[in-house]
Amino acid sequence: MPNATSQNGTVEDPAAPGVGRTRTVRFRVKRCDGPGKPSRWESFDVRVAQGEGANILACLQRIAANPVTAEGAKTTPVVWDAGCLEEVCGACTMVVNGRARQACSALIDTLAPNDGDEITLEPMSKFPVVRDLHVDRSRMFHTLKRLKAWAPIDGLYALGPGPREQPARQQERYAYSTCMTCGCCLEACPQFRLEPQPGRWDTAFVGANAIGQTLLFNEHAIAGELAPDRLDEMLAPGGVSDCGNAQNCVKVCPKEIPLTDAIAAIGRAATIHGLKRFFAR
Amino acid sequence: MSEPRRVIVVGGGLAGLAASARLAEQGLAVDLFSLVPVKRSHSVCAQGGINACNEVARQQGFSEWMHMDETLYGGDFLADQPPVYEMTHWAPKIIDLLDRMGVPFNRTHEGFRDLRLFGGSLFKRTHFAGATTGQQLLYALDEQVRRAEAGGAVTKYEHWEFLRPILAEVDGATRCVGIVAQDLRTMQVRSFRASAVVIATGGCGLIFGKSTNSVSCTGAAAARCYLAGAWYANGEMIQVHPTAIPGADKCRLMSESARGEGGRVWVPKTKGDTRHPSQIPPAERWYFLEERYPKYGNLVPRDIASREIFDVCVNMGMGIGGENMVYLDLTHKPREELDLKLKGILEIYEKFAGEDPRDVPMKIFPAMHYTMGGLWTTFTPEERAADPVMDRDSGRQRVTGMALGATNTMQTNIPGLYALGEVNFAYHGATRLGANALLSCIFDGLFAGVGIANSARDEAPDPASLAADVFDAPAKQEQDRAEALRARARAGAPDPEVNPYLIAQELGREMTDASTVVKTGERLEQALGKIRELKDRCARATLADASMWTNQNLAFTRGLSDMLRLAEVILAGGIERKESRGSHYRLDYPDRDDANFWKTTIAEYDADADAPRISYRDVIAPMVEPRARTYGKTQSAPEAVRQPETPAPAAS
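Definitions and limits used
- For every chain, the first residue of its written sequence is number 1, and the numbers climb from 1 along that sequence.
- Working convention: letters from A go to chains and numbers from 1 go to ligands, in the order in which they are written.
- Selection of residues for local features in this predicted model requires a pLDDT of at least 70, selection of side-chain atom pairs for listing and counting requires 80 or more, and totals for whole chains, interfaces and linings are taken over all residues.
- Heavy atoms throughout the structure, all of them, feed into the side-chain values; hydrogens and water do not.
- Classification of ring pairs rests on two measures: the distance between centres of Phe, Tyr or Trp rings, Trp counted by its six-membered ring, which must be within 6.5 Å, and the angle between planes, read as stacked under 30 degrees, edge-to-face over 60 and tilted in between.
- Throughout this description, buried means an accessible area under 20% of the type-specific maximum (1.4 Å probe, protein chains only), exposed means over 50%, and partly exposed covers the range between.
- Each helix corresponds to a stretch of at least 4 residues labelled H or I by DSSP, and each strand to a stretch of at least 2 residues labelled E; elements are numbered beginning at the N terminus.
- The start and end points of each domain follow an automatic or database-based domain assignment.
- Two residues qualify as a contact provided that any one of their heavy atoms is within 4.5 Å of a heavy atom in the partner residue.
- Accessible area, probed at 1.4 Å, shrinks when two parts are joined; the buried area is that loss added up over both.
- Between Lys or Arg on one side and Asp or Glu on the other, a salt bridge is scored when a side-chain nitrogen of the former is within 4 Å of a carboxyl oxygen of the latter.
- What qualifies as a polar contact is a pair of N or O atoms within 3.5 Å, subject to a donor-acceptor requirement within protein and to the restriction that residues adjacent in sequence count only when both atoms come from side chains.
- Residues are grouped as follows: Ala, Val, Leu, Ile, Met, Phe, Trp, Tyr, Cys and Pro are nonpolar; Asp, Glu, Lys and Arg are charged; all remaining types, including Gly, are polar.

### Structural notes on the packing of aromatic side chains
Residue and element names in this part refer to chain B.
Phase 1 of the analysis: This model, assessed by the stated rule, comprises 24 aromatic pairs over all chains.
Phase 2 of the analysis: Here the aromatic rings of Trp286 and Phe288 are separated by 5.5 Å at their centres, their planes lie at 55°, and the arrangement is tilted.
Phase 3 of the analysis: Judged by its relative accessible area of 0%, Phe288 falls in the buried class.
Phase 4 of the analysis: For the pair Phe597 and Tyr616, a centre-to-centre distance of 6.0 Å together with 75° between the ring planes defines the contact as edge-to-face. With Phe597 in helix H16 (residues 594-597) and Tyr616 in strand E23 (residues 611-618), this residue pair connects regions lying 19 residues apart in the sequence.
Phase 5 of the analysis: Exposure remark for Phe597: the relative accessible area of 11% places this residue in the buried category.
Phase 6 of the analysis: A connected cluster of aromatic rings, assembled from ring pairs, spans Phe33, Tyr157, Trp160 and Phe192.

And the structure:
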């Protein structure tokens, strides 16, 4: 029930029903002041109440308001990337206890249920660190440009409806279209490596998400017109054949996108495309 | 050929991307600024769908005109009508366009676009792609803008923050000729020249602390335009979504589509019933929305559903277990159907609440969701003959839409400065109907983009004709502002009195408590006093980070100062509007008062007082007369008490 001053009944009340005992959770955070600077570890103790629904980002907010380490040293707020906070934008991806995931859906009651439990936070290792937990994933967006990941429509004026599509095909495309370019699949991939030099992006392995997007666009009636161009890229250095079939990507994808199905399908399509290209010479 | 004119677009959500694509198509060069990589913009969070008249609904009696009428009725007649006319009449064409772009709209067995029911309508007029429609539409427009970027027409400035519009005297009138922005990684502050500036920065949820909005939705960009002299309209019109999942960091949206696909809202009939919901038989459940609104049921507009849930929980104490929660129940629906149509949102609930909503009813409560008010914008009305198909229900010969290509389309009161999407005040009046937001954002970009291109080409001065100082001076002021903040930085926790994060928390609590579901003049005045105190503390705020590299602490504190100014606009508009209309519900003035308040609230910044000045403009309503907005409520509501006019008894 709202207290005396709360007419809209939404005031935070630590004593509210459903919110239980508080405990201390220790965060070990790998920090870095900027590109080329050394990394260091800092620890923070954060008070969390059982049942309040706290996630890692709520704890980082508490650290920002009180940037003092567990040892009592004054420091700066941790820098991190965040957006929707409901696991649909991909921004807050980081390495939590050794595994890449979205920090927003990493709930403290699950990860650190007991007083004194520890959570380790690191930036993704396959992208250049900007500062602390914030990394630069522009390579992923660059790859989408290289793959012509769009439908080459005839402009924005009204030209009638799009193609009809069978529900099964729509469902297949929809699954790939929920990819939020978060990079979990790349962090987990043994073949995808850190490449800070943009000049080398076009020959380094594109990674699972890009192969999934290739399938998504090749399967659409209008976007599919550019399928030969995309398959050319898939046959080039860094294309689908660089996949080592470790299958980590599909295990870590937060949206459970069938990435290995896409790798298999695009692998076959690229082979056929290569043969056609060879005989058409 | 000469260099193309440049247009700046601030914000890369649906409105900013649609505008960028349209401007690029019109042959202009676009500089697109965004706090985040545009593909991560807040539009991804929209779930339920996008409204448009369609052939099935048309055969059932629906029309574009009715879509317009529903939108006006939903908004309690506060919206100017010609923009709503134009938007609803473009809607089917926009769906077709999105379809061509490859949006994976859900399909019927035969491969046609599937439709669902949504709030404020009795017809299925909502197109959807699973329960992540906003994400899917954003991606489609992101792809088209990436295509324009690859072709050289669009240049992206991602992780850049808009700091202020640059105004200059051109031919005796003030005009927007560029912006000052900061790279949030290198912290470089610089000016950019443009022949037109488009603000498409969305809503201001963060002012309310925990809302359904993304962390970038601070309202700071709109506030900066307001501080520069742009009018802010209907600031008091804030939508509280009835169904959100309360959390520690935000309230996550539970889409209206859950009710559109059959979800039922209920509480136990017995106060304090502690049984598990599956143990409570149907006869012992109170489906209060269905009982109170037999016609619309669970699909009444959001402000009404929020007030009813609030009434049940706060006034009657009937919330689940005495808490401020009600059930949103989908457990009667087959799992396969739920997964096909609602998987995205059910997974969000499962991940964040830890229970499977296919098995257990969800627990939800209202949360701040959408900003109907925003930067005031204008347009050129265009009277034309009513369309025999689209306007068949209008009973009119003539209708009034907007003139395509007019250079004032969605222009603020400052020439050259435009506002599109959620950041403007157009379209939604006093409440937005579900699945109209995606439509208004895309329509704004596509429709207004034509006029903005004309303005940049034909009306804007030659950028080379403006003196360098016009751009250098405001950039220097912003540089100094950042330096002044940095000079106050010291490591460690600041005193709570001047801790920016704690000031922001206090702002959020105060605004949520004083100015959401129910309001009173007294409480709003009290909140205004609190904001003045917070402004004073914010002016002395102490940073914990003096770095000149990716200093989020600095950006946060600077934004907080601007959010406080916008909070004053929201409160002042609420205090002055002494009536109840749509989302603005005043306990001390529970009725709508058309005689005095069928008007647009305008807030102008008074720099000397550092406070808003409130005035009013008439609503432009050439087509539909206001009528009582009851949605057929059956009992003890203010509307139901009023009896319809009965004819005088016949003389005997």
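Still more ground to cover, so stick around.
### Examining the domain arrangement of chain B
All names here are of chain B.
Phase 1 of the analysis: Taken as a whole, chain B is organised into domain 1 (6-237 + 372-465), domain 2 (243-366) and domain 3 (473-595).
Phase 2 of the analysis: Once you take the C-alpha centre of each, domain 1 and domain 2 turn out to be 31 Å apart.
Phase 3 of the analysis: If you look at the interface, domain 1 gives 25 residues, while domain 2 gives 25 residues.
Phase 4 of the analysis: Where domain 1 abuts domain 2, roughly 2000 Å² becomes buried across the two surfaces, and 55% of that area is made up of carbon and sulfur atoms.
Phase 5 of the analysis: Two residues, Arg116 and Glu261, come together in a salt bridge whose shortest N-O distance is 2.7 Å.
Phase 6 of the analysis: Counting the contacts that link domain 1 with domain 2 gives 11 residue pairs in polar contact (both at pLDDT 80 or more).
Phase 7 of the analysis: A per-class count over the side of domain 1 that touches domain 2 returns eight nonpolar, 13 polar and four charged.

### Quick look at the domain arrangement of chain A
All names here are of chain A.
Phase 1 of the analysis: Considered domain by domain, chain A is made up of domain 1 (22-134) and domain 2 (137-154 + 162-279).
Phase 2 of the analysis: Domain 1 and domain 2 are separated by 31 Å when their C-alpha centres are compared.
Phase 3 of the analysis: Contact residues are listed per partner, giving 17 residues for domain 1 and 18 residues for domain 2.
Phase 4 of the analysis: Summing both sides of the interface, domain 1 and domain 2 together bury roughly 1400 Å²; the carbon and sulfur share of this comes to 56%.
Phase 5 of the analysis: Looking only at domain 1, the three residues that lose the most surface to domain 2 are Glu87, Lys126 and Phe127, adding up to 44% of its buried area.
Phase 6 of the analysis: Scanning the region where domain 1 abuts domain 2 turns up two salt bridges.
Phase 7 of the analysis: When the shortest N-O distance is used, the salt bridge between Lys255 and Glu87 registers 3.0 Å.
Phase 8 of the analysis: Counting every contact that joins domain 1 to domain 2 gives 10 residue pairs in polar contact (both at pLDDT 80 or more).
Phase 9 of the analysis: Among the elements of the structure, strand E3 (93-96) and strand E4 (99-102) are those that each provide at least two residues to the side of domain 1 that touches domain 2.
Phase 10 of the analysis: The element contributing the most residues to the side of domain 1 that touches domain 2 is E4, with four residues.
Phase 11 of the analysis: Here the side of domain 1 that touches domain 2 is composed, by residue class, of eight nonpolar, four polar and five charged.

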